[in-house]
Amino acid sequence: MGCDAPGQQKAAAASASTARPTQPTTGWSIDDQPVAHQAALAIGTKGETALRITLSTAPLSCDSLASGFPGGAMLTGATLLDVWLMQPLQADGSLGHWSIAGAQVADSKGRRGLTAQGAQVGELTVAGQDVHIKRLELALLDGTTGKTIMWTGDLTASHCPRVARDEADRPQDKLILSVAGRQLPVNGATLHPNGKQHFLRLTQAPHDCASDVAEGYDFYLDLTIEGEPPALKLASLQGAIFPSFPSGSTGRDGFKVEADGPLDGPGEVTLKLAGSLDLRGYQTKLTGEVSALRCDHP
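Conventions and cut-offs
- Residues numbered from 1 in each chain as written.
- Predicted model: local features only at pLDDT ≥ 70, side-chain atom pairs only at ≥ 80, totals over all residues.
- Heavy atoms only, no water.
- Helix = DSSP H or I, 4+ residues; strand = E, 2+ residues; numbered from the N terminus.
- Buried < 20%, exposed > 50% of the residue type's maximum accessible area, 1.4 Å probe, protein only.
- Pairing = 2+ DSSP bridges.
- Core = buried A, V, L, I, M, F, W, Y, C linked by side-chain atoms within 4.5 Å.
- Contact = heavy atoms within 4.5 Å.
- Phe/Tyr/Trp six-rings, centres within 6.5 Å; stacked < 30°, edge-to-face > 60°.
- Polar contact = N/O pair within 3.5 Å; in protein donor to acceptor, adjacent residues only side chain to side chain.
- Disulfide = S-S within 2.5 Å.

1. Concerning unusual backbone geometry
Link 1 in the chain: Cis rather than trans, the peptide bond between F69 and P70 has omega equal to 10°.
Link 2 in the chain: Mapping P70 onto the fold places it in the loop between helix 2 (62-67) and strand 5 (80-86).
Link 3 in the chain: Cis geometry is found at the peptide bond from E228 to P229, where omega equals 5°.
Link 4 in the chain: The residue P229 is located in the loop between strand 16 (220-226) and strand 17 (231-238) in this model.
Link 5 in the chain: Not every positive phi belongs to a glycine, and R135 is a case in point at roughly 55°.
Link 6 in the chain: Topologically, R135 is positioned in strand 10 (residues 130-141).
Link 7 in the chain: What makes R135 partly exposed here is its relative accessible area of 44%.
Link 8 in the chain: For A180, which is not glycine, the phi dihedral falls at a positive 55°.

Now the structure itself:
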């Protein structure tokens, strides 16, 4: 072991050095090439819990990020990585571990969704103006370029103020909604026609008929209503805290729906709801009145 000549030892060391992978032990990389970020920001919707972490290879301020939220920022000559993190609500009412809900990348080729090949969040805490994420492991595939985008190790991001939705806040104080034993406030309600059916959509953050609920919403509950008098046909829980999209109709026979006017038409309609549903193990209860915005036919 100790008999190699000095020249042989130096050659072996140089060979080992060049054989090392270029992927950093910690941090951001694209196809195993390290990427240095100049900004790491955390942002989300006011009143909600889900967070979007944005990494940027160019300087980026909270004001700039918030100006287009929930859309993602675009910077000329820069690469940005957006990762949505959420803490799911379990069927027993407990909160699960933080996990990834989706990711996008933006560069000179545009903005693209990423496929998660692997994702793990060890622990997420908020301390002062910072969001600390321990043991963050991401392996994301860019289907357009075929490149693999990774993060390995801990990450600290500056916590930007949460952004209020542009839609008017319409609190439904006469309605009680509970899911898995937790009472959830409702600040948005719309009624969407779809053929002979209508979808009553309830959200915690405000929304209106034109809202895109794809990002930034912790949850939305869709109730499918049909017939005259109206009756519940199906219910579905969706959004960041319900990654499995629990849905079903167990309990619909005893669920009561009453409307103070036609479901179609301009303006608002008041619906009385009363009943309990089992949505794949999520016990969902609604009691009271909701004033919903009627939305035009598609």
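Once you've had a look at it, read on.
2. Comments concerning the pairing of strand 11 (residues 148-159)
Link 1 in the chain: Bridging between strand 1 (residues 27-30) and strand 11 involves four bridges; their strand directions are antiparallel. Note on strand 11: the bridge partner recorded for S29 is M150.
Link 2 in the chain: Pairing geometry for strand 3 (residues 39-43) and strand 11, over two bridges, is parallel. In the strand pairing of strand 11, A42 is matched with H159.
Link 3 in the chain: Bridge count between strand 10 and strand 11: 10 bridges; the pairing is antiparallel. If you follow V131 over to strand 11, its bridge partner there is A157.
Link 4 in the chain: Here strand 10 folds back onto strand 11 in antiparallel fashion, the turn holding six residues, of which G146 has a positive phi close to 80°.

3. A few points about the nonpolar core
Link 1 in the chain: With 32 residues, the main nonpolar core has L221 and L273 as its most contacted residues.
Link 2 in the chain: Elements represented by at least two residues in this core include exactly strand 12 (175-179), strand 14 (188-194), strand 15 (197-203), strand 16, strand 17, strand 20 (268-279) and strand 21 (282-294).
Link 3 in the chain: Broken down by element, the residue count for this core peaks at five residues, all from strand 20.
Link 4 in the chain: If we skip the residues at most four places from it in the chain, L273 touches L175, L200, L223, F255, K256, V257, L286, T287, G288 and V290.
Link 5 in the chain: In this structure, I53, L114, L124 and W151 belong to the second largest nonpolar core, which totals 27 residues.

4. Observations concerning the packing of aromatic side chains
Link 1 in the chain: Evaluation of the coordinates by the stated rule reveals two aromatic pairs.
Link 2 in the chain: Summarising the aromatic geometry, the rings of F69 and W84 are spaced 6.1 Å apart at their centres and angled 45° between planes, so their arrangement reads as tilted. Of the two residues, F69 sits in the loop between helix 2 and strand 5 while W84 sits in strand 5, which places them 15 residues apart along the sequence.
Link 3 in the chain: By relative accessible area, which is 10% here, F69 ends up buried.
Link 4 in the chain: A centroid spacing of 5.4 Å and a plane angle of 85° characterise the contact between F242 and Y282, whose relative ring orientation is edge-to-face.

5. Points about the side chain of R201
Link 1 in the chain: Its location among the elements puts R201 in strand 15.
Link 2 in the chain: Overall, the relative accessible area of 18% leaves R201 in the buried class.
Link 3 in the chain: One polar contact links R201 to D222, side chain to side chain, over a distance of 2.8 Å.
Link 4 in the chain: For R201, the contacting residues outside a window of four places in its chain are G188, A189, T190, H192, H207, V213, Y220, L221 and D222.

6. Regarding the state of the cysteines
Link 1 in the chain: All told, the structure shown has two disulfides when counted by the stated rule.
Link 2 in the chain: Disulfide partner of C62: C160, at an S-S distance of 2.1 Å. The chirality of the disulfide connecting C62 with C160 is left-handed, given an S-S dihedral of about -75°. With C62 in helix 2 and C160 in the loop between strand 11 and strand 12, this residue pair connects regions lying 98 residues apart in the sequence.
Link 3 in the chain: Between the sulfur atoms of C209 and its disulfide mate C295 the distance is 2.0 Å. On the sign convention where negative is left-handed, the bridge of C209 and C295, at about -85° about the S-S bond, is left-handed. Pair noted here: C209 is in the loop between strand 15 and strand 16 and C295 is in the segment after strand 21, with a separation of 86 residues, a long-range link.
Link 4 in the chain: We classify C295 as buried; its relative accessible area is 10%.

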